Amino acid sequence: MVENLENRIGEVTRKTKNMGVPVIIVIEGAPASGKSRLSNALYMALDAKYTDFIATRPPRELDLRYPFLQRYWNHLPKNGDINIHFRSWYSQYIEYKIRGTRENIYAGYDEIKDDIENFEDTLMHNGYEIIKFYIHADDDIKQKHIDKLHDNPLLKWKAEEYQERTENFDYEAEMEVFLNAPAACAWTVLDFEDRGQAVNKMFRTIIERLEKRIDGGGNIKEGAADGGFSEDYEAELFKFDFEQEKIRKKKYKEMLPGLQERMREIQFQLYEKKIPLVLVYEGMDAAGKGGNIKRTRKLLDPTGYTVNATGAPTDMEKAHHHLWRFATNVPRSGHIGFFDRSWYGRVLVERVEGFAENKEWKRSYKEINDFEKSLYNSGAIIIKFFLSLDKDEQLERFEDRADDPDKSWKLTEEDWRNREKWDFYIEAGEDMVRRTSTDYAPWHVIPGNDKRYARITALRKIIETCEARMKDE
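Residues numbered from 1 in each chain as written. Predicted model: local features only at pLDDT ≥ 70, side-chain atom pairs only at ≥ 80, totals over all residues. Heavy atoms only, no water.

## So, the overall build of the chain
Then step 1. Of the regular secondary structure elements, the chain holds 19 helices and 10 strands.
Then step 2. Along the three orthogonal principal directions, the C-alpha set of the chain runs to about 80 × 50 × 40 Å.
Then step 3. Out of the 473 residues in the chain, the part that is buried amounts to 53%.
Then step 4. Accessible surface for the chain amounts to roughly 23100 Å². Of this, 46% is attributable to carbon and sulfur atoms.
Then step 5. Each charge class in the chain was averaged separately, 76 positive and 87 negative side chains, and the resulting centres sit 4 Å apart. (Helix = DSSP H or I, 4+ residues; strand = E, 2+ residues; numbered from the N terminus. Buried < 20%, exposed > 50% of the residue type's maximum accessible area, 1.4 Å probe, protein only. Areas by Shrake-Rupley, 256 points an atom, 1.4 Å probe, with all protein chains shown as cover. Lys, Arg positive; Asp, Glu negative; His and termini not counted. Charge placed at Lys NZ, Arg CZ, Asp CG, Glu CD.)

Now the structure itself:
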């Protein structure tokens with residue numbers, strides 16, 4: 001019977017591979033419950049060419065320098081691939097909670113539990129199939145497993161490890177909370193009393209879920225992608241009296257060095273307190289994002305920051321969730337990550353250019369808010385800038401670039417095409433600010449016609465925000 005199910009599971013996973021459906025299989029269970037034997041039976045039945053087996057171990061020092069969910073963003077399967085998570089974010093959560101781990105937990109543990117739910121929802125809404133198993137075994141069965149290991153001199157250490165975790169970790173009580181809670185992705189409980197029946201039930205569950213997915217058509221895009229724009233949209237948030245938002249050159253030169261020195265001090269204070277800083281820069285083309293970042297990092301220690309300049313996604317990035325390439329590049333604790341354009345491309349350029357269906361960019365507002373909340377809950381300071389300028393100023397900067405041999409490389413045909421869709425970008429940008437400015441990750445819209453004013457304003461806001469956080473610490 002098992003052999004027949006192995007053939008069927010091979011058949012359906014080859015189909016999901018061809019359809020580009022990414023599959024995540026979570027296997028949880030108490031120590032000595034038999035989950036390793038069930039996991040190996042599943043792993044042996046799947047094609048190793050597109051299956052990864054990921055065993056979640058207790059967090060090491062480096063893991064604690066990154067957000068709680070970082071390891072799982074790193075390990076997301078690409079379209080068509082399968083991940084088996086032997087223990088997962090659930091085991092990690094329980095480990096953190098029981099041990100009182102706080103190194104990368106800024107919020108309460110309940111907020112981290114919400115992050116887990118949001119993480120799964122985000123993946124499922126973007127085509128990931130998540131199948132979760134909990135392996136149950138009564139105390140007698142677990143003790144028999146431990147005794148058998150204990151009798152083998154070569155495996156005695158494993159029996160002692162199981163025994164220690166059984167005595168000091170109430171894993172099952174913590175998992176009960178998840179097993180009984182309503183969730184979009186329900187658990188399937190496997191009883192290990194009969195290993196053969198448990199394996200069969202696991203295989204059948206996977207086959208049924210994937211056959212249903214195959215019948216549903218996989219990850220086919222067929223919705224509208226018109227951006228949903230208004231006629232004759234009038235700007236509100238990006239409308240300034242640009243003549244009033246200026247700083248004279250002499251005053252700028254007096255102010256900038258002191259702010260840059262303070263920014264360097266801030267960097268070392270962040271490192272000492274192990275606080276990551278995420279700086280996001282969005283804005284119209286030629287608004288001065290790169291120049292702003294350059295002045296902010298002028299005196300920083302280059303070993304403590306990274307600059308992520310976001311371009312069009314590669315084929316590998318397209319084969320993952322749209323947040324994957326950013327989640328894998330967030331700064332570790334005590335470091336600064338600059339993002340010259342960012343994950344907001346989904347609701348800006350992808351919306352305007354029709355690269356994302358309407359349903360995709362609309363649900364991305366919540367996905368982005370959830371993603372940023374998870375970074376905040378793990379300790380990050382998140383500051384987002386949108387640099388605004390008027391259309392005439394943009395044209396002048398484009399023409400200056402075209403006439404300057406040292407800057408002409410900055411001007412592309414795409415910039416001119418984007419300019420033709422100016423009103424669309426304004427509407428998309430204002431929608432973005434309204435729907436993703438939060439207490440934990442606020443937007444700061446800065447008038448950018450005067451570059452000096454924009455640079456000083458952004459530097460001041462970074463310093464002010466970081467000082468307030470460190471005062472709280």
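## A look at the pattern of salt bridges
Then step 1. By the definition in use, this model includes 32 salt bridges.
Then step 2. Within the structure, one salt-bridge network assembled from shared partners comprises Glu 236, Arg 351, Glu 430, Asp 431 and Arg 434. (Salt bridge = Lys/Arg side-chain N within 4 Å of Asp/Glu carboxyl O.)

## Points about the sheet that holds strand E1 (residues 23-29)
Then step 1. As summarised here, the arrangement of the five strands in space is E2-E3-E1-E4-E5, forming an open sheet in which the pairing is parallel. Because the sheet does not close on itself, it has two edges, and the strands there are strand E2 (51-55) and strand E5 (187-191). Across the sheet, the mean angle from the axis of one strand to that of its neighbour is 20°, orientation sign disregarded.
Then step 2. Taken together, the five bridges between E1 and strand E3 (residues 82-86) define a ladder with parallel strand orientation. In the strand pairing of E3, Ile 25 is matched with Ile 84.
Then step 3. The strands touched by helix H2 (residues 35-45) are E1, E2, E3, strand E4 (129-136) and E5; relative to E1, the strand with the most contacts, the crossing angle is about 160°.
Then step 4. Sheet contacts for helix H4 (residues 89-99): E1, E3, E4 and E5; angle to E1, the most-contacted strand, approximately 40°. (Pairing = 2+ DSSP bridges. Axes fitted to C-alpha atoms, helices over the stretch in contact; angles between N-to-C directions. Contact = heavy atoms within 4.5 Å.)

## Section: the packing of aromatic side chains
Then step 1. Here the structure, examined in full by the defined rule, presents 27 aromatic pairs.
Then step 2. Summarising the aromatic geometry, the rings of Tyr 305 and Phe 338 are spaced 5.7 Å apart at their centres and angled 85° between planes, so their arrangement reads as edge-to-face. In this pair, Tyr 305 is assigned in strand E7 (residues 305-309) and Phe 338 in strand E8 (residues 336-340), connecting sequence segments 33 residues apart.
Then step 3. On the basis of relative accessibility, which here comes to 13%, the residue Tyr 305 falls in the buried class.
Then step 4. Relative accessible area serves as the criterion here: at 0%, Phe 338 is assigned to the buried category.
Then step 5. Between Phe 398 and Trp 416, the ring centres sit 5.1 Å apart and the planes meet at 75°, which makes this aromatic pair edge-to-face. Placement of the pair is Phe 398 in helix H16 (residues 391-403) and Trp 416 in helix H17 (residues 413-420), with a sequence separation of 18 residues.
Then step 6. Owing to a relative accessible area of 0%, Phe 398 belongs among the buried residues under this scheme.
Then step 7. It is Arg 102 that lies over the ring of Tyr 109; its NZ or CZ is 5.1 Å from the centre.
Then step 8. Directly above the aromatic system of Trp 361 lies the positively charged group of Arg 351, at a separation of 4.1 Å from the ring centroid. (Phe/Tyr/Trp six-rings, centres within 6.5 Å; stacked < 30°, edge-to-face > 60°. Lys NZ or Arg CZ within 6 Å of the ring centre and 35° of its normal.)

## Some points on helix H15 (residues 358-377)
Then step 1. With 20 residues, H15 should cover 28 Å at 1.5 Å per step; its first-to-last C-alpha distance of 29 Å lies within 8% of that length.
Then step 2. The largest bend along H15 reaches roughly 35° and is located at Ser 364.
Then step 3. With 14 of 20 residues buried, H15 lies mostly within the body of the structure.
Then step 4. Positive phi appears at Gly 379, one or two residues downstream of H15, with a value of about 110°. (Expected span 1.5 Å × (residues − 1). Bend = angle between axes of the 7 residues up to and from the residue.)

## Looking at the sheet that holds strand E9 (residues 381-388)
Either a parallel or an antiparallel arrangement is found when strands of a sheet pair, and the pairing is made through backbone hydrogen bonds.
Then step 1. Strand order in the open sheet formed by five strands is E7-E8-E6-E9-E10, with parallel pairing between adjacent strands. The sheet is open, and its two edges are formed by E7 and strand E10 (443-447), each paired on a single side. Across this sheet, the average inter-strand angle for adjacent strands is 20°, counted without regard to direction.
Then step 2. In terms of strand pairing, strand E6 (residues 277-283) meets E9 through seven bridges, oriented parallel. Paired with Val 280 across the strands is Lys 384, a residue of E9.
Then step 3. In the packing of helix H19 (residues 451-472) onto the sheet, the strands contacted are E6, E9 and E10, and the crossing angle to E9 comes to about 165°.

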